[in-house]
Amino acid sequence: MSHQIGVNEDVYMELKQKAVEIQKRAEETTVTQIMMEMMDLPSVPIHHPYHHFILPAAFLTATAIEQKMPEEELIEKLDEANLRANNVLGGFCGNYGACGSGIGAGIFMSIMTDTTPLSNESWQWANEVTGKCLQAISTVPGPRCCKRTGFLAAIEAVDYINSKLGLHLRVDDNIVCRYYDQNNECKREQCPFYLIESICK
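Residues numbered from 1 in each chain as written. Predicted model: local features only at pLDDT ≥ 70, side-chain atom pairs only at ≥ 80, totals over all residues. Heavy atoms only, no water.

(A) The arrangement of the layout of surface pockets in detail. By volume, the largest pocket is sized at about 360 Å³. Surrounding the largest pocket, 26 residues form its lining, Cys93, Cys99, Arg144, Cys145 and Thr149 being those nearest its centre. Among the secondary structure elements, those contributing two or more residues to the lining of the largest pocket are α3 (50-67), α5 (92-96), α6 (100-112), α7 (121-137) and α8 (146-165). Ranked by residue count, the leading element in the lining of the largest pocket is α8, at three residues. Estimates place the volume of the second largest pocket at around 300 Å³. (1 Å grid on protein atoms, 1.4 Å probe; cavity = no way out; pocket = protein on both sides within 12 Å on 5 of 7 lines; lining within 4 Å. Points joined across faces, edges and corners; volume = space filled by probe spheres on them. Helix = DSSP H or I, 4+ residues; strand = E, 2+ residues; numbered from the N terminus.)

Structure follows, in structure tokens:
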């Protein structure tokens, strides 16, 4: 159970149910499409620690589809990701210098490889994918945006994850942010996911 202020466990349940629903459809999809289906839930605010769970949950769901993972196994992994993500507090990006989306990639890698603090090669992978994501996230200055950092982390992580785990996960080539009008601190043209939307309009 999370002790974070403003965290509602019912929302995590909704996110988990959405992940299972997507897996049951068994349709070809991308990690970023799964992320946006989760972000589109009315209970998910523009900024919130829920996003620290959304990224590993999306990677877990995409992996479950590719590997034809039993639903019970996916649920078990999602519950573990939720437990770990709940330890990444709101504002971690600015207060600790490590965005929760980047950490979320490490959570995914750790869960998929059964990594512990005593592991060898997979310990390196979990830390390396997190570091790569944090570097990518840092290429766009603040203020924070949970959508932008999530997309940047997914783009950076997917090739690394595929190479280490033998997967074929994908992200969208042109990610269009549809959340910017909810974000009072949106960087607009300075965000790589805003410009395309502006042109489309």
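(B) Main features of the side chain of Thr32. Within the secondary structure, Thr32 sits in helix α2 (residues 31-39). Look at Thr32 and you get buried, because its relative accessible area is 0%. (Buried < 20%, exposed > 50% of the residue type's maximum accessible area, 1.4 Å probe, protein only.)

(C) Looking closely at the nonpolar core. Formed by 67 residues in total, the largest nonpolar core has its most connected members in Leu15, Val31, Met35, Phe59 and Ile161. Elements that contribute at least two residues to this core include exactly α1 (9-25), α2, α3, α4 (71-85), α6, α7 and α8. The leading source of residues in this core is α3, at eleven residues. (Core = buried A, V, L, I, M, F, W, Y, C linked by side-chain atoms within 4.5 Å.)

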